[in-house]
Each structure stands twice: as structure tokens, then as C-alpha cells.
Amino acid sequence: QVSLTLGNMPALITIRDAAPKEAAYLSALALRSKSHWGYSREFIQSCKSELTYRPSQIVDDKFHFVVAQLDDVVVGFYALEAISSSRFELGALFVDPKHIGVGVGRKLMQHALKTVVIQSGESVLIQGDPNAERFYLAAGAKLIGTRESGSIPGRYLPLFEILIRPPAGDVA
């Protein structure tokens, strides 16, 4: 459990592994979170397939899905994908719109980075929404380029990287 303040009230957020039965809920939460940024209905519809998570993904050892829960309600989640033994990709980090800006995303990001450290990871790639650029930069990411959206051909999204430790052979 981690603490944060919601309004003037302290709150305890439980961070735990996602359950396969939560896949549909996480998919809906991702779409709500994406909608928070004022995208059109057509745009959100174009993202639906990419932001749909399946129970099989949640149980796949290649992925690590983690939720933030306030009382009995999941208010955010992230998904890490192992690209190799030392490289990971943050494939998702979404917070329910009612809880954006109060620290839930920051706590999830901190947890994701700790998870990578525990796995002896060296770096985390993040293809982020342009609206989340400040968030990722504040988390220590560096903008390293762009990558084409998996939902909308021709739309390029910022690509970030967080180095956890120097790659083997690099001298600090």
C-alpha cells in the first residue's frame, strides 16, 4: 500500500497484480483515460482495438499488469512487456480521469520502475501520448524519437526511454 492525498484527505492506494477477470474493466478504463484528453469519438474508436486487453495477456509471463486500487475500485493500471532480459516496454499506464493529477500515475510509474530493477532491467521504452509528455519527462524519461501509432497510421507518437542502469560495457 502507498499513501497519497485526495483533496485534503489522505488515502491508501493498494498496488497489486491485475487479475485476468479484470481485462474488460482495464480496457474500459484505458479508453476513459484516453478520452480525458479531448479526443474525438472517432479517434477513441480507432484506438479501441489497441487498448483492448485480454485475460490471456494478463496471465502471459511476457507481460506484467498491475493495478492501483482505492478502496474496492481500480483507479489505474500499467502493463510492462519484457522485450529482452534487460529491456522492457511500458505498454500501458492509464489512470481513471477522476484520479488524474493526484499522484496515482506517479505511484504506478514508481512501481513499474521498481519492478524493472527487480528484474535486473537496464531500460524502459515508453510510447507515450503527446498529452503525457510532461509526466514521462518528470519521471526521468528522455525523448529519444517517435514511433508510428498502432491505432492510426501516419500518426507519430513520442518515444521515451528511462535508463535504469548503464548497459553492460559502458563506463560511467
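The following refers to the structure shown. (Residues numbered from 1 in each chain as written. Predicted model: local features only at pLDDT ≥ 70, side-chain atom pairs only at ≥ 80, totals over all residues. Heavy atoms only, no water.)

**Regarding the side chain of Asp129**
What counts is decided by this rule: Helical segments are the DSSP runs of H or I of at least four residues, strand segments are the runs of E of at least two, and each set is numbered from the N terminus. Per-residue accessibility, obtained with a 1.4 Å probe over protein chains only, is compared with the maximum for each type, and a residue is labelled buried under 20%, exposed over 50%, and partly exposed between these values. By the criterion applied in these results, polar contacts are pairs of N or O atoms within 3.5 Å in which, for protein atoms, one can donate a hydrogen and the other can accept it, and in which residues neighboring in sequence qualify only through two side-chain atoms. The contact criterion used throughout is that any non-hydrogen atoms of two residues lie within 4.5 Å.
As for its position among the elements, Asp129 is in the loop between strand S6 (123–127) and helix H5 (133–138). Taking relative accessible area as the criterion, Asp129 reaches 11% and is therefore assigned buried. Engagement of the side chain of Asp129 in a polar contact is seen with the side chain of Lys34, the distance being 2.8 Å. Once residues lying within four places of it in the same chain are set aside, the contact partners of Asp129 are Lys34, Tyr39, Arg155 and Pro158.

**Focus: the pairing of strand S3 (residues 63–70)**
Definition in use: Any two strands with at least two DSSP-identified bridges between them are counted as paired.
The buried count for S3 comes to six of eight residues, which makes it a mostly enclosed element. The hairpin turn running from S3 into strand S4 (residues 73–82), its antiparallel successor, is two residues long, and Asp71 in that turn takes a positive phi close to 55°.

**Describing the packing of aromatic side chains**
As a reminder, the rule being used: Note on aromatic contacts: the rings of Phe and Tyr and the six-membered ring of Trp form a pair at centre separations within 6.5 Å, being stacked when their planes are under 30 degrees apart, edge-to-face when over 60 apart, and tilted otherwise. Consider the ring centre and the ring normal. A charge sits over the ring if Lys NZ or Arg CZ is within 6 Å of that centre and within 35 degrees of that normal.
Taken as a whole and judged by the stated rule, the model has seven aromatic pairs. Ring geometry for Tyr53 versus Phe77: centroids 5.5 Å apart, planes at 80°, classification edge-to-face. With Tyr53 in the loop between helix H2 (41–47) and helix H3 (55–59) and Phe77 in strand S4, this residue pair connects regions lying 24 residues apart in the sequence. Exposure class is identical for Tyr53 and Phe77. Each is buried. With a centroid separation of 5.6 Å and an interplanar angle of 40°, the aromatic rings of Tyr136 and Phe160 are classed as tilted. Taken together, the residues span a long stretch of sequence, with Tyr136 in helix H5 and Phe160 in strand S8 (residues 156–163) at a distance of 24 residues. Phe160 shares its class with Tyr136; the two are buried. The rings of Tyr53, Phe63, Phe65, Phe77 and Phe94 are connected pair by pair, giving a single aromatic cluster. Note that Arg32 overlies the ring of Tyr25, its terminal NZ or CZ placed 5.6 Å from the centroid.

Remember, this is a structural readout, not a statement about activity or role.
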